Amino acid sequence: MLEIKNITKDYKTGSETVHALRGVSIAFRDNELVAILGHSGCGKTTLLNIIGGLDRYTSGDLIINGRSTTEYKDRDWDTYRNHSIGFIFQSYNLIPHQSVLSNVELALTLSGVPKAERCRRAKEALEKVGLGDQLHKRPNQMSGGQMQRVAIARALVNDPDILLADEPTGALDSETSIQIMELIKEIAKDRLVIMVTHNPDLARDYATRTVRLIDGEIKSDSNPFDPNSEELKEAPEKVEKKSADKSSKSKKTKMGFLTALSLSKNNLLTKKGRTFLTSFAGSIGIIGIALILSLSNGVQEYINSVERSTLASYPVQLDSETVNYKDMMSSMMNVHNEKENEKREPDRIYTNDMSTSMMKSMLSEVKKNDLTAFMEEFKNDSTVMEDVREIKYSYDSKLYVYTHDLNNNLIRVNPSTIMQTAMGGETAQSVEGMWNTASTLTGIDMSSRVNCFEQLLSNDVTADNYETLAGRLPENYDEVVVIVSDKNEISNLTLYTLGLLDQQELSDMMEHVMKGESWESQSTKESFSYDDLLGMKFTMLTAPDLFQKNDKGGYDDMSGDKDYMENALKNGTELKVVGIIKPSGDSIISTSSMGGIGYTAALTEYMINKTNDSELVKLQKDNPDTDIFTGIKFPQKDEKPQEPMTQEEAMQKLTELMSSEQIAQIFQTVMQTLTPEQQLEIMQLPQEQQFAKMTELAEPTKLSGAFMSAITAEQMQMLQEMTKEPETTEATYEKNMAILGEADLTKPSGISIYAKDFDGKENISQFISDYNKKMADEDKEDKEINYTDYVGMMISSVSDIVNAISYILIAFVAISLVVSSIMIGIITYISVLERTKEIGILRAIGASKGNISSVFNAETLIVGFSAGVIGILVTVLLNFPINSIIVKLTGIENMSKLPPVAGLILVAISMVLTLIAGLVPASIAAKKDPVNALRTE
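Residues numbered from 1 in each chain as written. Predicted model: local features only at pLDDT ≥ 70, side-chain atom pairs only at ≥ 80, totals over all residues. Heavy atoms only, no water.

Chemist: What's the story with the sheet that holds strand β3 (residues 32–37) in this structure? I'm lost.
Modeler: Strand-to-strand pairing in sheets goes through backbone hydrogen bonds, with the strands running parallel or antiparallel. One open sheet accounts for six strands, arranged β6-β7-β8-β3-β9-β10; its pairing is mixed. A strand with exactly one partner marks an edge of an open sheet, and here the two such strands are β6 (85–88) and β10 (217–221). Here the strands of the sheet are splayed against their neighbours by 20 degrees on average, with no regard to which way each runs. One ladder, built from four bridges, connects β6 with strand β7 (residues 162–166); its direction is parallel. In the strand pairing of β7, Ile 88 is matched with Ala 165. Contacts from helix α1 (residues 44–51) reach β3, β6, β7, β8 (192–197) and β9 (209–214), with the element oriented near 155 degrees to β8. (Pairing = 2+ DSSP bridges. Helix = DSSP H or I, 4+ residues; strand = E, 2+ residues; numbered from the N terminus. Axes fitted to C-alpha atoms, helices over the stretch in contact; angles between N-to-C directions. Contact = heavy atoms within 4.5 Å.)

So, in C-alpha cells, the structure goes:
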C-alpha cells in the first residue's frame, strides 16, 4: 500500500522559492488506475517523481507498505525503484544503443536475475505487449507506439507493485493512444497504476479514480481511499503472499561489471570513428614505450646470449693472491671526497696525490685466498659439483721449453722471448709490464697471448670441445698437440715463436717499421702440411737446470750461455707433437685465435716433481737462512745491517794482535813526526800510557803510514776485512724458491673451475658468495675468497647502461601516455554529457550511483584496453621493418622483439591510466540528478 502524508516540495531558483507541492496527502489502493489531472506546472510530474523515488520531498512522509521513507538511504530508494516501481515515460526513454530485448532486460539485470531467466522473462513481457517478433531491433528502427510498448514491457518485466505513467500517450496518435491505454487498463487489474495526464477524456474513459491537482494542491478525488477502512482488510493468504513478495523485493540492486561493460561497449560502437581515433591517440604513448622495450629486450637478449656463450667459456678463476678492487675503489673515493671537502686558499697550488694513493690502495688491497680450505668444502658439496665440468690447477712454476729454428739456432719457446727478439729488451719489458697490469685488472692471463704453450683440460673435456684434425690427443706427459683456430689458422707471431718462421725476419721488420721504412716479408711459407707439424719436437727443462755452480760456491744463471744450454738440452725432457686439434662449433672452452701448443696436466705435475727433486731445491730447503746463489745469509726480519769499522777503530783493534817489536817500530816512526814539545809531553807519561797518547797527537796519515809499514801481509788482510762493507742480499727464501720453480701440488696458485653451462657457472658463483657469508658469520674473514668475474661485470655494466637509457626514454615517452590519458578523461566527460538521459533512465529503473560510475569506468577501461591492444599490434607490425633495417646494418637478427609479458603489462597500464583519468567524469555522472537527467534531450 502507498500513502502520502502532507508532502511538500520546494525548489530554489536563485533567491526565490517555488512551492511545487503544498501539503499533499493521498492514499492508494493496491490495484487501481489513478489519473492525476492538472494543467502544466501544477506539480503532477513532481508528485509522480516523488512517488517513484526519483525526487525527494521537502517535508511530510511517503509511506510504502506501512514503512516510512524518512529514514531511507540512497540504496533503499534504488531497491524501491528497481523492485516496486515501473516507469512509462511520454518520450519512451529507451537506451538507443541497446536492442529491444536488452532494454527490457536491464531492470532484471539490476535485480541480479540470472541470464537465462532474465532473457525468458523479457521475452514474455515483450510478447504480452505484442512485440515478440521485434526482439533484436534498435529503438530507432521502431514506431512511436512500438517504442512505448517496449517501455511498458520494461516497466512490467520486474513485476512491480506500482506502475507510473507520465503522459503515456502524449507523443502518440489517437489510434495508437487507444491501444496503449487499453494495455495500461489491463495492467491495472492486478496492480496500482498512477497516470499523469492533462487529458480529461483519457481519465474519464480509462481511470478508476481521478485526482485533480491545481497549484500543488489536491482539489478533488473521485474515489478517495481511507487506509483505515474495512476495504484494507484482506484474506490471510493474500497478506502472506504480499509479505513474501515484499521480502523478495527488498533485495539490493546490483549491476554486474559485465553489464556495465556491455552498456559501454554498445555506446562506443555507435561512435566507431571517434572511439577508434581516441584509442589510437591513447596508443601513441604505448607504441613509444613498447618500441623502446622491444629494442631494449632485443639488445638485452643479445647481450644475454653473448654473456651465456662468453661467460660459460671463461672459467671461474680463483687466485691465491688477488686485488680487492671493490674495497680499493671505495678507499680511493673516500680519499677523493676528503680532498673535495678540504678547505683551500684560492692563491695556492696544492698537490694531487691520487696516483700515490692508488698505488698504496692497490698494495694494501692485495688479499690472500686460502684455496686449500675452500676447495675442500667445495668438493664435499655434491650439489655444486654436479655443475662442474672440469677443475684446472695452475702453479707459479714456469715451463721452460726450447727448440731449434730454421737456422738451427736454439730458441726458447716458452716463456716466449719473441718480444725481446722483435722489440729489444727495454721495449719488450714495457709491453710485458702492460700485459701484467692487464692480467691483474681483468683476471685473464694476458701473457698467454704470446706464450703459446697452454695446459689442456682432461681428454674427455678436450674431445668434447675440440675436433682432432690429425693424429690423436696426448696420452702421456711428454706428448703435446698443436692447437689451430676454427679456421685452421695459426698466427704468424705463434709461428715465429715456435721457430717455424725465421725470428730474425721479425726483428728486421720491427727495425724497418721503427725507422718509417717499408718492409716486405721474405717468407714464402703460407701453409703447412699436417706432417710438418706432427713432426715437431721440443725439449723441456726445469728452472734448476738453468743454473751451474761457480768457483765461489754459489750458482750462476746459464740461460744465456749457448754451449751450456745445448748440453743441458741433452738431458732435458723431449716433448713430441702427436696431434692437431681445433675448437668445435659448440665449444664452451675459451681458446686463443692465435693457435699454440697444448699439453696435459700430467706434464705440469711431472715438471713440478722433477723441480722439487732437483739438487738446488733440496739445497735451498736444507739452508733456509742462506742464499744458495751467492752464499750470503738472508737478512733476518728487523735485523739491522752490521756497520764496518773505521780505519782508526780497525788499527786500534789490530794493535792488540801486534808483537812488541811492531809496536816499538810504529812508536819510533811516529815520534819522529811530532814536535819536541809533543815528544816531551809523551815521555813524561807512564810507559803504558805513552802509545795511546802518541796515537792521539799524531796526524792520521802519519799514523796510518807507520801502521802500514809495520804490519805483516796477514795483518793487512785482517785490516781490510774489518773496514770492508759487509755483503748483503735482497734475495729471500721465498723468492729463491720461486726462481727455482718449487711448488706444492696441494697448494695451487690458481684454480680454474669450468662449469657445464651458464647456469652452472651462476651456481658456482653463488656457492662462493654463500661460502664467504658463512666465513663472515663464523668470524673467519681471512678465509673468505676474493673473486671478481671481470668479464661478467663488464657485460653487466653494458646491460646497466642499456637499461638506464631505456628508462630515460620511457620516462620521456610516458609523458605522451599521461597526456593521452587526460585526453581520454576529457572525452569520457563528453560521453557523460552525451549520455545524461541514459543516466536518468538507469537511475529510474533502480541503478545506484555506484552502478552509474561503473558504466563510465567500464567505458574508460574499454578505451584503455583498445588503446593498449592497438599500441601492441602496431608495435609488433613496426618490429618487422625495424628488424630488417637492423639486420642490414649489423647482421643481428630479432633485435627488436616485444616480450609478451611486457605487452600484457602495457595493456594493463593503459587500462589503469585511462581508468584513473575517467574517475572524475564517472563521479560527475554518478552525482547527476535523475529528474534533470531525464529531461535532457
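What follows picks up the thread again.
Chemist: Just to check I follow, could you spell out the side chain of Glu 838 for this structure?
Modeler: Tracing the sequence through the fold places Glu 838 in helix α33 (residues 836–844). With a relative accessible area of 8%, Glu 838 lands in the buried category. For Glu 838, the side chain forms a polar contact with the side chain of His 97, separated by 2.9 Å. Apart from residues no more than four positions distant in its own chain, Glu 838 is found in contact with Ile 95, His 97 and Leu 263. (Buried < 20%, exposed > 50% of the residue type's maximum accessible area, 1.4 Å probe, protein only. Polar contact = N/O pair within 3.5 Å; in protein donor to acceptor, adjacent residues only side chain to side chain.)

Chemist: Would you mind showing me how to read the packing of aromatic side chains here?
Modeler: Between two aromatic rings, the relevant description is the distance of the centres plus the angle of the planes. Going through the model one piece at a time under the given rule, you end up with 12 aromatic pairs. Each ring, one from Phe 276 and one from Phe 280, has its centre 6.2 Å from the other, and the planes form 20 degrees; the classification is stacked. Taken together, the positions of Phe 276 and Phe 280, both in helix α10 (residues 272–313) and four residues apart, correspond to about one turn of that helix. With relative accessibility at 47%, the residue Phe 276 sits in the partly exposed group. The partly exposed category is assigned to Phe 280, whose relative accessible area is 35%. Taken together, the aromatic side chains of Phe 374, Phe 378, Phe 767 and Tyr 771 make up a single cluster linked through ring pairs. (Phe/Tyr/Trp six-rings, centres within 6.5 Å; stacked < 30°, edge-to-face > 60°.)

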